[in-house]
Amino acid sequence: MHTPVLLKKSIQFLKIKKNGTYIDATFGCGGHSKKILKKLGSQGKLYVIDKDPESIKIAKKIKDSRIRIIQGSFSKIYKYCKKYKILRKINGIILDLGISSLQLNNYKRGFSFKKDGPLDMRMNQKKGIPASKWIMNATEKKISEVLKKYGEERYSKKIAFNITKYKKNKKIKRTQQLSKIIKKSLPYQKKHPSRRSFQAIRIYLNNELYELKKFLKNILKILKPKGRLCIISFHSLEDRIIKNFMFKNSRKIPNFPSSIPFTEKELIKLNKKKCKLKIYKKIFPKKKEILNNLRSRSAILRIAEFKKYK
Ligand SMILES: C[S@@+](CC[C@H](N)C(=O)[O-])C[C@H]1O[C@@H](n2cnc3c(N)ncnc32)[C@H](O)[C@@H]1O
């Protein structure tokens, strides 16, 4: 099914308290959730979130009174915590970004550039539009922008040009159709030519960076003091957002222009107000994990502890 990435380290850094309340905001196939449940005592609680109905089906198979299942976006985490009256009661949250093997390996979901299937790429197929529809309606300029912004694709213009040319004669409905157009647009490279473009379209269609930013914006309002946040990301776009958020909220000395005079007392006061997170050293998977699970090769785990709210 799905081999969870950095499982041991992320659970270790969540520092599970027996009777604590935890959130797995990206349930997927439940790899992290099952480990959390093992460590929780009878009074502990685990809230799990996923926007994919297939993941929710898996979650519902876990018969355990300590688990609450929420189908929805993790960007709405504040709303969910309010609904369940657990604001400021959360001891730890885990976010394992991207798609699960369940999604990637099912050709019908259209995430894979290796298998042929309908070009869909939605995490929740009941919402939004499939990638095929988007690609047929988008302008050449828009396609190029998306590939560049979300895939950091050097050949975005050439790919967008060839997609637009192809669209004039034939509908793009399948993953392999798109993959072949991309392959023709790129010079030979070691890695799969469609890798970056498929990533870009997936991120754009599922609004992934917006989801992450909105989630982070709310996190400081729901964690308990000493509550832990563990985030596993898989590409630089996500990692940059997480890193900036954590650094901004853990900075010791506020960034004021030197021309603004402050007394030492005032600086200490401001410092205390600003510094909400304690951050830990980022963690990468070891060679052994990468050999066993190729998906982990680009993973980064960032950890932060919420200090106190004032
Ligand atoms: C990498 S998988 C998680 C795997 C999981 N940790 C495990 O061990 O099985 C990511 C999951 O997060 C879900 N997901 C991604 N973005 C989401 C969002 N904004 N809101 C809710 N779920 C999301 C995906 O549908 C997918 O099931």
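If you're wondering where the values come from, they're calculated on a predicted model, not measured in any experiment.

S.K.: Teacher, can you tell me more about the state of the cysteines here?
M.R.: As used in these notes, a disulfide is a covalent bond between sulfur atoms, one from each of two cysteines. One pass over the full model with this rule turns up zero disulfides. Unpaired in this structure, Cys29 has its nearest cysteine sulfur neighbour in Cys230, at a distance of 20 Å. On the basis of relative accessibility, which here comes to 7%, the residue Cys29 falls in the buried class.

S.K.: Before we go on, may I ask you to explain the packing of helix α8 (residues 156–167) against helix α9 (residues 175–185) in this structure?
M.R.: Axes are the key here: two packed helices are described by the angle between their axes and the distance separating the axes. In the contact formed by α8 and α9, the axes pass within 9 Å of each other and the chain directions differ by 130°. Judged on the interaxial angle alone, α9 and α8 are oblique. Judged by the sense of rotation from one axis to the other, the crossing of α8 with α9 is right-handed. Of the residues in α9, those touching α8 at Lys158, Ile159, Asn162, Ile163 and Tyr166 are Gln177, Leu178, Ile181, Ile182 and Ser185. Of the residues contributing to the contact of α8 with α9, the split by class is six nonpolar, three polar and one charged.

S.K.: Before we go on, may I ask you to explain the sheet that holds strand β1 (residues 21–24) in this structure?
M.R.: What links the strands of a sheet is backbone hydrogen bonding, and the strands pair in either a parallel or an antiparallel sense. Taken together, the seven strands give an open sheet; going across it, the order is β3-β2-β1-β4-β5-β7-β6, and neighbouring strands pair in mixed fashion. Across the chains shown, the open sheet's two edge strands, defined by having one partner strand only, are β3 (67–71) and β6 (277–279). Within this sheet the neighbouring strands show an average axis-to-axis angle of 15°, counted without direction. When β1 meets strand β4 (residues 90–96), the two strands line up parallel, connected through three bridges. When the sheet's bridge partners are listed, Asp24 is paired in β4 with Ile94. Set on the sheet, helix α2 (residues 31–39) makes contact with β1, β2 (45–50), β3, β4 and β5 (223–233); between it and β2 the angle comes to about 175°. Against the sheet, helix α11 (residues 208–219) touches β4 and β5, its axis set at about 165° to β5.

S.K.: Would you mind showing me how to read the pairing of β1 here?
M.R.: Both faces of the sheet carry side chains from a regular strand, because those side chains alternate between them. Of the two faces of β1, the one holding Thr21 and Ile23 and the one holding Tyr22 and Asp24 are both buried throughout. For β1 and β2, the ladder comprises four bridges, and the chain directions are parallel. Each bridged residue has a counterpart across the sheet, and for Thr21 the counterpart in β2 is Lys45. The parallel pair β1 and β2, bridged by α2, forms a crossover whose chirality is right-handed.

S.K.: What is the right way to read the domain arrangement of the protein chain from this model?
M.R.: The domains assigned to the protein chain are domain 1 (7–101 + 208–306) and domain 2 (124–205). Distance between the C-alpha centres of domain 1 and domain 2: 31 Å. Contacts between domain 1 and domain 2 engage 11 residues on the former and eight residues on the latter. Across the interface of domain 1 and domain 2, roughly 870 Å² is buried in total on both sides, 51% from carbon and sulfur atoms. Contact with domain 2 buries area across many residues of domain 1, yet Glu208, His235 and Leu237 alone supply 46% of it, more than any other trio. Summed over the shared surface of domain 1 and domain 2, the result is two salt bridges. Residue Arg240 pairs with Glu152 through a salt bridge whose shortest N-O separation is 3.4 Å.

S.K.: Sorry if this is basic, but what is going on with the pairing of β5 here?
M.R.: Along β5, eight of the 11 residues are buried, which leaves the element largely enclosed by surrounding structure. When β4 meets β5, the two strands line up parallel, connected through six bridges. The residue of β5 that forms the bridge with Asp96 is Ile232. Examined bridge by bridge, β5 and strand β7 (residues 300–306) share six bridges and lie antiparallel to one another. Note that in β7 the partner of Ile232 across the bridge is Leu301.

Conventions adopted
- Residues numbered from 1 in each chain as written.
- Predicted model: local features only at pLDDT ≥ 70, side-chain atom pairs only at ≥ 80, totals over all residues.
- Heavy atoms only, no water.
- Disulfide = S-S within 2.5 Å.
- Buried < 20%, exposed > 50% of the residue type's maximum accessible area, 1.4 Å probe, protein only.
- Axes fitted to C-alpha atoms, helices over the stretch in contact; angles between N-to-C directions.
- Helix = DSSP H or I, 4+ residues; strand = E, 2+ residues; numbered from the N terminus.
- Parallel < 35°, antiparallel > 145°, perpendicular 65-115°, else oblique.
- Left-handed = near helix turned anticlockwise from the far one by under 90°.
- Contact = heavy atoms within 4.5 Å.
- Nonpolar A, V, L, I, M, F, W, Y, C, P; charged D, E, K, R; others polar.
- Pairing = 2+ DSSP bridges.
- Right-handed = clockwise from strand over helix to strand, strands pointing away.
- Domains from an automatic or database assignment.
- Buried area = accessible area lost by both parts, 1.4 Å probe.
- Salt bridge = Lys/Arg side-chain N within 4 Å of Asp/Glu carboxyl O.

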